[in-house]
Amino acid sequence: MWHIKGPSRMDYIRPSEDLRYTAVNSLSQEEYEDGRERQFGTKNPEVQDIPFYNAMIREDCPIASAYEMLQRSFEMRRRTNDGRPTWTMRGRFAQSTTCLPDGRMVEIGGRYGTKDEEDYDYCIYNDVLVVRPDGTFTLYGYPENTFPPTDYHTATLMGKDIYLIGGLGYERKRGEEQKTQVFRLSTEDFSMHQVKVSGKSPGWIYRHQSEAISDHEIFVHGPAKRADVVYDGEVLESSHIEPPFQYVLNVRSGAWEKPKDESLPDASISPAETNITERAPAEYPDIRSRGVLWEMLRRVRYALCV
């Protein structure tokens, strides 16, 4: 079961029902080779105006369809696991979706696939997609050391900033100190900034919940999952379910605090009821199999956003 607060990007972009994926199929071999891999940004932020990315987003094209078409066009050999996952937007899960007051939608990070050796395209992303109501979009990339690949985080809109809290990420990239990651994304220029926070944090958590309770406080609560404890590159402890917990992040002072208000939201809400898109690849709906049910769902999403 998954829950989305607001519309899907496809409600704005509205790709053609034509399964021929004309834009992807018209890419040159050079555009495919130059753009098929995930590319980190070199600036904070960097607009990633890459033909392959643009075509994949515009047509919501699956990786398998893109590779099959381009393999025929360029007479490429059968693909092997070369350690170079193909970039995709369709089929990601564990990303956050935030609706802005002006109607723009912001999708952040997420992952594709699993760590299976045969899953050539397993990847955790650190990009930000901004989709406007007229269907135009901009993709932003970031240096890995500015904003690491992030999934299962929460995204909370506070004024003109989105605060990203927690996340899972790659095993080898998790901090040894096990402190909760906090980042701030400006919705004015889409620059990303790591927030230095003091006080005892919830730990390296993911699949938790977060919501604004004032103009400078975010209520962070569980149950959630705490990620593997990693020391010197070795996993010492496996992921496990955390019992219900409650913290407040004061973004004004930059400190973790224990909540003082007993009227805070219920801390026992299921992790599925967050603004994280938590759908596994096999559960990702095929938008080309739309019908009455899909149209009803689309209208409900839109109503929730406005």
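Residues numbered from 1 in each chain as written. Predicted model: local features only at pLDDT ≥ 70, side-chain atom pairs only at ≥ 80, totals over all residues. Heavy atoms only, no water.

Visitor: Teacher, can you tell me more about the overall build of the protein here?
Guide: Regarding its fold elements, the protein presents 6 helices and 21 strands. Out of the 306 residues belonging to the protein, those deemed buried represent 52%. Put simply, of all contacts in the protein between residues at least 6 apart along the chain, 65% involve residues at least 24 apart. When the accessible surface of the protein is split by element, carbon and sulfur atoms take 48% of a total near 15,000 Å². (Helix = DSSP H or I, 4+ residues; strand = E, 2+ residues; numbered from the N terminus. Buried < 20%, exposed > 50% of the residue type's maximum accessible area, 1.4 Å probe, protein only. Contact = heavy atoms within 4.5 Å. Areas by Shrake-Rupley, 256 points an atom, 1.4 Å probe, with all protein chains shown as cover.)

Visitor: How do you make sense of the nonpolar core when you look at a structure like this?
Guide: The tendency in soluble globular proteins is for nonpolar side chains to be buried as a group. The biggest cluster of nonpolar side chains holds 27 residues, and the ones touching the most others in it are Val24, Phe52, Met56, Cys61, Trp87 and Leu129. With near-sequence residues (within four places) excluded, phenylalanine 52 lies in contact with Leu27, Glu31, Tyr32, Gly35, Arg36, Leu70, Thr86 and Trp87. In this structure, Val128, Tyr140, Leu164 and Leu185 belong to the second largest nonpolar core, which totals 15 residues. (Core = buried A, V, L, I, M, F, W, Y, C linked by side-chain atoms within 4.5 Å.)

Visitor: Please clarify how the pattern of salt bridges should be interpreted in this entry.
Guide: Pairing between side chains of opposite charge can happen when their charged atoms approach one another. A complete count under the given rule lists 9 salt bridges for this structure. For arginine 84, the salt bridge identified is with glutamate 33, shortest N-O distance 4.0 Å. Of this pair, arginine 84 sits in the loop between helix H5 (63–74) and strand E2 (95–99) while glutamate 33 sits in helix H3 (residues 29–35); the two residues are 51 residues apart in sequence, bridging distant segments of the chain. For glutamate 33, a relative accessible area of 34% translates into the label partly exposed. Note that arginine 111 and aspartate 151 form a salt bridge whose closest N and O atoms lie 2.5 Å from each other. Separated by 40 residues along the polypeptide, arginine 111 in strand E4 (residues 111–112) and aspartate 151 in the loop between strand E7 (137–141) and strand E8 (154–158) bring together distant segments of the chain. The exposure class assigned to aspartate 151 is buried, which follows from its relative accessible area of 0%. A cluster of three or more residues bridged by salt bridges with shared partners is formed by Glu33, Glu37 and Arg84. (Salt bridge = Lys/Arg side-chain N within 4 Å of Asp/Glu carboxyl O.)

Visitor: Hey, could you run me through the pairing of E8 in this one?
Guide: Across a regular strand the side chains alternate sides, sitting on one face of the sheet and then on the other. The buried fraction of E8 is high, at 4 of 5 residues. When E8 meets strand E9 (residues 161–165), the two strands line up antiparallel, connected through 5 bridges. Bridge assignment links threonine 156 to a residue of E9, and that residue is tyrosine 163. Between E8 and E9, which follow one another and run antiparallel, lie 2 residues, and glycine 159 among them has a positive phi close to 65°. (Pairing = 2+ DSSP bridges.)

Visitor: So what exactly am I meant to see when it comes to the packing of aromatic side chains here?
Guide: Aromatic ring pairs: the centre-centre distance and the angle between the two ring planes describe each pair. Applying the stated criterion to the full structure yields 11 aromatic pairs. Between the aromatic rings of phenylalanine 245 and tyrosine 247, the centroid separation amounts to 6.1 Å while the plane-to-plane angle is 65°, which identifies the pairing as edge-to-face. Residue classification places tyrosine 247 among the buried positions, given a relative accessible area of 9%. Taken together, the ring pairs connect Tyr53, Trp87 and Tyr125 into an aromatic cluster. Its guanidinium or amino end placed over the ring of tyrosine 125, arginine 38 lies 5.9 Å from that ring's centre, counting from NZ or CZ. Here the guanidinium or amino end of arginine 92 rests over the ring plane of tyrosine 125, the centre of that ring lying 3.6 Å away. (Phe/Tyr/Trp six-rings, centres within 6.5 Å; stacked < 30°, edge-to-face > 60°. Lys NZ or Arg CZ within 6 Å of the ring centre and 35° of its normal.)

Visitor: I tried to follow the sheet that holds E9 on my own but got confused; where do I start?
Guide: Two orientations exist for strands paired in a sheet by backbone hydrogen bonds: parallel and antiparallel. In spatial order, the strands read E8-E9-E10-E11; together these 4 strands make up an open sheet with antiparallel pairing. The sheet is open, and its two borders are formed by E8 and strand E11 (192–194), each paired with just one other strand. Averaged over all pairs of adjacent strands, the angle between their axes in this sheet comes to 25°, without regard to strand direction. (Axes fitted to C-alpha atoms, helices over the stretch in contact; angles between N-to-C directions.)

Visitor: How should the confidence of the model for the protein be read in this particular structure?
Guide: The predicted model of the protein averages 79 in pLDDT, with 69% of residues at 70 or higher. Considering only residues more than four positions removed or in separate chains, one finds that residues 1–5, a stretch of pLDDT under 50, has 18 contacts. Overall, residues 229–238 carries pLDDT values under 50, and its contacts beyond four positions in sequence, including any with other chains, amount to 19 contacts. (pLDDT = per-residue confidence, 0-100.)

Visitor: How should the pairing of strand E6 (residues 128–131) be read in this particular structure?
Guide: Alternating residues of E6 divide into Val128 and Val130 and Leu129 and Val131, and every residue in both groups is buried. In this sheet, E7 lies alongside E6 in antiparallel orientation, the contact comprising 4 bridges. Note that in E7 the partner of valine 128 across the bridge is tyrosine 140. Two successive antiparallel strands, E6 and E7, enclose a turn made up of 5 residues, where glycine 135 displays a positive phi of approximately 95°.

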